[in-house]
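As a plain string of letters, each chain reads:
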Amino acid sequence: MQEKRKTKEKMIEQHLNEKRKQKQTAAIAKQKSFQQKRAERVARLKSTTVELKKKLALKQEESDRRHVTQIEEIRRKAVEMSAMRGPSAENSHHHTSPQDDNKATTTTTAVSATEEPVATRKCCTLCNLLLASDLHLQTHLRGTRHNQLLIERTSQKNENGTKKSPTQEEIDTFNTECIATVTNDDIVRQEFAFNKERKHTMKKRAKKLRLRITQRSTAYEAENAQRPHLTSTHKPRIQRFLHELEKSLNTTARKEPLNTTNYLACQRILTEFVKIFDTHGYEKDSPLEQRVFFSLNGYSTLTKMIELRAECHKPALAPESLIALAASVYRAATKNNLENALYILKSGKILTLIESLVRHLTGLNIDDVTTINGDHNESEKLAQIDLVNNLAEVLANSMTIYNSILDDIRKHEKETNEDKSTINCLTDIISYMANVGVLDRIATFFRTARAIINTTKSRLPDMITHLLNLVQQMILFSRPKQCHSPFGQSSKKSSNDPAQVLNIMKSTNFCEIFFLLYGILVHETDNNNQIIHDNHHTITLHEKTLIIVQNSLILLNTIAILDLETFQTVLGEDTISLQLRHVTNYILAYCNHQQTSISDTLLNQIILLIGYYCVLNQDNQCRLAFGNRPTVLQQLSCLPFRYFVESKYMDILFPTLIACSFDCETTRTILQTEMSLDLIINFIQTKLNETNENDNEFGFHMRFPRDEWNNALKYYRPISKLPLNSIATHEPSGNKNHNDEEKENVSDILSKEIKA
């Protein structure tokens, strides 16, 4: 029985093993079948994906081709419109008089609108000018500068030496020869080489200036090591606060960042300092507290704190919010205090402020500042703006004090050794600011400043205002002892710019101020959804925007008085002149319909700027006649009635009208259609008979050269007596006699103006 049981168990076990093997074989076969099906499915998906990618690529190529075709069509239409637009202004500008061969220099260079647009960058070898686009090429070939050089070059080729106007075929042939193709690599290489050489020269000069300033400051500190002993109400508190700051800063000496406890302690102390020095804080006797702060070496402690983030190659040992608070204490301790301002100048403490401003302006990203996401990012970006704002404000306030000191020194009949030392220190500091990159950083910031006026809790407008004030004070340092006329000062440029500020400003296009104005004014219009129409003027501007525009115009007018030739050259470039025209039209349209004190100031400053831009410069004069109507010149001739009646306002407007139209047939013709030229004649006669002259910036001799007054009177007198339809066909004679009985009095002229 046991053997039978064992045999049966073996058979059962063998049967179970066979079943297990069958199940395993079936599972393996099923797994192989699943993997095979999965591989087939993956292969189908891959093939489908490849086919879809090919189809999408074909569609993308077709879309790109259509886009390029549309762009070429738009460009072609733009070229056609630019070639045919503005016949009244441009054709009159290039009109040649048959009676005067010299006026043939403005011969129009016709450009066929059916020609293909410029595919690559071009360069005019005649004018040595790089052409940025095909539209730039079209406008340049019609320009006065190119045509005058063309006429001179073609006249030199004449064998008999007689003056002869070139034919259109000769002009086209010559233009084809002088326009050369330049590759983008060559352009980039030339610009890179120029910028590299310029930055190398500035860096080398800044290094020498810093060494000289450091040596002078070391000698000054050694001579004035003994501080005056002063007492005040808050002296014990100031002394205790400075001791606590020094104790907190000892951790940074070991290259360790501030911990939370030290950070909160420093923040509390710096806030108390601001309250002490503020006239609206604890005490009204803030100048004494400022001097006590100086006597206790408070500036040395603040300088150590600002140096925690002053250099790029060193790690940040303190947050920007704390450095911004330290800069605000610097500002409060120096504000309206002559002795403290002189101390930070001669001791070299101002170098730390300048280098910190350059470092943080370099790291300031407009795109990140204007797009704030989250509370943490917002606090960091606002702290960065506050830091630059406070640094710019303390430097601007200090420069204002230094310029007042310089004005007092210039009043002395004989300069002392101390006065000469102060002037040398100030010259080196301003030159160091210009060469170390302050103006370049400000220009980069202004060039990218768009849509930022009403964002980030209105911190950026204040920062822009302080930066403009800083540049303004740097420019004012170059003022001469006496207010001179801006005409005929080319021989005095080196003496008028001892710190080379104007030279660096020229290379930065005056810190790209017109990029700034163009950006913020267009942004204001877009934000308010308001456009200037012919009948409905609903545009409004933010108050801080008006302050920025006003400071910018004052700065530009100051530059014009110091160096008129450079001013007209920089603003006469194609891109900047186009921006100037748009900004001027915008401001004139706004001020004509806003009767406020700041709008009147803006209107006066923009009138002054247009006059400096056009005076004795035919190219700039004719640019005012271009563009959509009403043009700049038409808006100037349609200002409120008080500018044509009251002598105070006539002194502002009429010199600009004379500067825009003198010795320019185009602008004089437009002005003749808008107003009576007898008003200008009477104004010039009045100024010729005056004995007392205004020494301010609105004086007639400051805006139009005195040597040309009689010529201007002869220039406007014959045209005012000719009928309008005879201007284009008859050449006015300056020697023609006019009877006094034919002259109309002022009241008749004004009545005709009112009826018109």
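Located above this text is the structure these notes cover.
Just so we're clear, the structure is a prediction, and the values are computed from it rather than from any experiment.

(A) Just the packing of helix H8 (residues 260-277) against helix H11 (residues 320-334), in detail. The interhelical angle for the contact between H8 and H11, taken along N-to-C directions, is 20 degrees, at an axis separation of 9 Å. When the axes of H8 and H11 are compared, the pair comes out roughly parallel. Every pair of crossing elements has a handedness; the one defined by H8 and H11 is left-handed. Facing H8, whose interface residues are Tyr263, Cys266, Gln267, Leu270, Thr271, Phe273, Val274 and Phe277, H11 presents Ser321, Leu322, Leu325, Ala326, Ser328, Val329, Ala332 and Ala333. Of the residues belonging to the contact of H8 with H11, the class tally is 12 nonpolar, 4 polar and no charged.

(B) Looking closely at the sheet that holds strand E2 (residues 129-131). As summarised here, the arrangement of the 3 strands in space is E2-E1-E3, forming an open sheet in which the pairing is antiparallel. Only two strands of the sheet have a single neighbouring strand rather than two, namely E2 and strand E3 (179-181). On average, each strand axis in the sheet is tilted by 30 degrees relative to the strand beside it, whichever way the strands run. Relative to E3, strand E1 (residues 122-124) runs antiparallel, the two being bridged by 3 bridges. Bridging across to E3, Lys122 finds its partner in Thr181. Sheet strands in contact with helix H5 (residues 168-178) are E1 and E3, and its direction is about 30 degrees off that of E3.

(C) The arrangement of the pattern of salt bridges in detail. Tallied over the full model, the rule gives 19 salt bridges. A salt bridge links Arg479 to Asp407; its shortest N-O distance comes to 3.2 Å. One end of the pair, Arg479, is in the loop between helix H18 (460-476) and helix H19 (493-496); the other, Asp407, is in helix H15 (residues 375-410), and 72 residues separate them in sequence. Judged by relative accessible area, which is 28%, Arg479 ranks as partly exposed. Between Glu690 and Lys687 there is a salt bridge, with its nearest N and O atoms 3.6 Å apart. Each of Glu62, Arg65 and Arg66 takes part in salt bridges that share partners, so that together they form one network.

(D) Quick look at unusual backbone geometry. Phi is positive for Phe510, which is not a glycine, with a value near 55 degrees. With respect to the element layout, Phe510 can be found in helix H21 (residues 509-528). With relative accessibility at 2%, the residue Phe510 sits in the buried group. In this structure, Leu616 is a non-glycine residue whose phi angle is positive, near 55 degrees. Along the polypeptide, Leu616 turns up in the loop between helix H25 (597-614) and helix H26 (618-623).

Cut-offs and rules
Residues numbered from 1 in each chain as written. Predicted model: local features only at pLDDT ≥ 70, side-chain atom pairs only at ≥ 80, totals over all residues. Heavy atoms only, no water. Axes fitted to C-alpha atoms, helices over the stretch in contact; angles between N-to-C directions. Helix = DSSP H or I, 4+ residues; strand = E, 2+ residues; numbered from the N terminus. Parallel < 35°, antiparallel > 145°, perpendicular 65-115°, else oblique. Left-handed = near helix turned anticlockwise from the far one by under 90°. Contact = heavy atoms within 4.5 Å. Nonpolar A, V, L, I, M, F, W, Y, C, P; charged D, E, K, R; others polar. Pairing = 2+ DSSP bridges. Salt bridge = Lys/Arg side-chain N within 4 Å of Asp/Glu carboxyl O. Buried < 20%, exposed > 50% of the residue type's maximum accessible area, 1.4 Å probe, protein only.

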